[in-house]
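Each chain, letter by letter, is given below.
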Amino acid sequence: MNDLLKKAEKFAKKHYKQNDEKHGWAHVKEVWEVAEKLAENFPETDMEVLKLAVIFHDADYSDPDKHHLNSAELAKGFLQEQDYANEKINKVYQVILDHRGRYRRAEGEAETIEGRIIYDADKFRWAVSPEFYDKYYSLFYLDETRKMVDEYLKKQKGDDKEQDLKVKCREYLSGWKRAQADYQNLQKEFGKKKKEYVQFANANLIMALLPIMDNFKSAFNQIPEQEKDSAWVTGFSYIKKQLEDFLRQNGVENIPTVGQRFDPELHEAVENDQGFDQEKQEGLIIKEMRPGYKLNGRVIQAAKVIVNSKTS
Ligand SMILES: [Fe+2]
Ligand SMILES: [Fe+2]
């Protein structure tokens, strides 16, 4: 950028500070961005004149109706002080006038390419907004501007679509993560259930064996004293032990009874026909009527017991 343009920018910026937000320095930059691109299509464009006109086009916005005239005057004064060529000053002056909306302009159509470019670039921001598209799109001088608006809107639509897709992707990803977590929980739950099932699958069979075991035990309790050391009793006691071992190996354990405190989780009390035993503590189990068993830690048969109690 040459010195004149630098000075012009510095000078004009001070004026733009007094303007409203829509006509501030940011707007100048926006207009220049579009103007520069449009000018690429027209090699005959005087870029210096165009840039000076863009720099000054809204510089004096104190009276919106006359701002194109006042801004052109401001530019003229500045450029004269810089000894800028008269012919060029006049051109900048006219281009600034040309930027004013032609639908309300009495001065006539823009004659120069710089005038047409500045008009189109100035209205570009309105043409890409949904509310003003219809109003400004048809007013452009240049087809190139309409093409730029089309491309801008197409890209914006694409960006919106991309944004939508990103949102969808995030939704699907979190859905998938949730499903994966649910599946893992299900697998864990299934594994636990399977283990439980294996542990208790034989429970019915084992429970069917327990009365046999009970009968075995009570038969042993009734062996006459003189037979206790006989060979066949010894033989049978091996069979009983085999059965006991088999049950133990399969997770069966006896529930302790006589001498223990009564526990409703483990024991089932039957009527005390023995009477209260003064020698023993109240609540202690004094007789086992039927053995109780746990299978893998779970009570499968509560022990029937007689509890030392005063009332019964
Ligand atoms: Fe303006
Ligand atoms: Fe403007």
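Position numbers for residues start from 1 in each chain and track the written sequence from start to end. Chain letters and ligand numbers both follow the written order, the letters beginning at A and the numbers at 1. For this predicted model, a pLDDT threshold of at least 70 governs which residues receive local features, and a threshold of 80 or more governs which side-chain atom pairs are given and counted, while totals over whole chains, interfaces and linings are taken from all residues.

A. Layout of the overall build of the protein chain. Where helices and strands are cited, they refer to DSSP runs of H or I of at least four residues and of E of at least two residues respectively, numbered from the N terminus. The number of helices and strands found in the protein chain is 10 helices and 6 strands. Here the globule rule reads 2.2 Å times residues to the power 0.38, and the radius of gyration is calculated from C-alpha atoms. What you see for the protein chain is a C-alpha radius of gyration of 51 Å, clearly larger than the 20 Å of a compact globule of 312 residues, by over 25%. Projecting the C-alpha coordinates of the protein chain onto the three principal axes gives extents of approximately 145 × 40 × 35 Å. Exposure classes come from backbone-placed C-beta atoms, where a residue is buried if 20 or more other C-beta atoms lie within 10 Å of its own, exposed if 12 or fewer do, and partly exposed in between. Taken over 312 residues, the protein chain has a buried fraction of 23%. Contacts here follow a simple rule: the backbone-placed C-beta atoms of the two residues must lie within 7 Å. Counted over contacts in the protein chain with a minimum sequence separation of 6, partners at least 24 positions apart contribute 60%.

B. Region of the structure containing the packing of helix α4 (residues 67-81) against helix α5 (residues 86-98). For helices, the fitted axis covers only the stretch in contact; all axes are lines through C-alpha atoms, and the angles between them, taken along N-to-C directions, range from 0 to 180 degrees. The N-to-C vectors of α4 and α5 enclose an angle of 160°; their axes lie 9 Å apart at closest approach. Judged on the interaxial angle alone, α5 and α4 are roughly antiparallel. Every pair of crossing elements has a handedness; the one defined by α4 and α5 is right-handed. Along its contact with α4, which presents H68, S71, A72, A75, K76, L79 and Q80, the element α5 presents I89, V92, Y93, I96 and L97. Residues are grouped as follows: Ala, Val, Leu, Ile, Met, Phe, Trp, Tyr, Cys and Pro are nonpolar; Asp, Glu, Lys and Arg are charged; every other residue, Gly included, is polar. Residue composition of the contact of α4 with α5, grouped by class: 8 nonpolar, 3 polar and 1 charged. For this classification, under 35 degrees means roughly parallel, over 145 means roughly antiparallel, 65 to 115 means roughly perpendicular, and everything else is oblique. Handedness of a crossing follows from how the near helix is turned relative to the far one, being left-handed for an anticlockwise turn of less than a right angle and right-handed for a clockwise one.

C. Geometry of the nonpolar core. As used here, a nonpolar core is made of buried Ala, Val, Leu, Ile, Met, Phe, Trp, Tyr and Cys residues. They are joined through C-beta atoms within 7 Å. By size, the foremost hydrophobic cluster in this structure holds 40 residues, and its most contacted members are A35, L50, A53, A75, V92, I96 and I118. For this core, the secondary structure elements donating two or more residues are α1 (3-16), α2 (25-39), α3 (47-56), α4, α5, α6 (113-127) and α8 (143-201). Not counting the four nearest positions on each side in its chain, A53 is found in contact with V92, V95, I96, E114 and I118. If you look at the next biggest cluster of nonpolar residues, it comprises 9 residues, including I255, Y293, L295 and V305.

D. Inspection of the packing of α5 against α6 at higher detail. Between α5 and α6, the shortest axis-to-axis distance is 8 Å and the interhelical angle comes to 35°. The crossing of α5 and α6 is right-handed. Here Q94, V95 and D98 of α5 come into contact with α6, specifically with E114, G115, I118 and Y119.

E. View of the sheet that holds strand β1 (residues 252-254). Any two strands with at least two DSSP bridges between them are considered paired. Overall, antiparallel pairing links the 3 strands, which are arranged β1-β4-β5 in an open sheet. Only two strands of the sheet have a single neighbouring strand rather than two, namely β1 and β5 (298-301). Put simply, the sheet's adjacent strands are angled 40° from each other on average, direction ignored. Sheet topology places β1 next to strand β4 (residues 293-295); 3 bridges connect them, and they run antiparallel. Its bridge partner lying in β4, N254 is registered against Y293.

F. Spatial organisation of the domain arrangement of the protein chain. Structurally, the protein chain comprises domain 1 (3-141), domain 2 (144-201) and domain 3 (203-307). Taking only C-alpha atoms into account, the centre of domain 2 sits 60 Å from that of domain 3. How far each domain reaches was decided by an automatic or database domain assignment.

G. Structural view of α2. Take the number of residues in a helix, subtract one, and multiply by 1.5 Å to get its expected span. For α2, with 15 residues, the first-to-last C-alpha span of 21 Å sits near the 21 Å given by 1.5 Å per residue. All of the buried residues in α2 are V28, V31, V34, A35, L38 and A39. Here the buried residues of α2 occupy an arc of 135° about the axis, which is enough to place them on one side. Of the residues in α2, the exposed ones pointing more than 90 degrees away from the buried face are A26 and K29. On the buried face of α2, the contacting elements are α1, α3, α6 and α8. Working note: the arc is built from the helix axis to C-beta atom directions.

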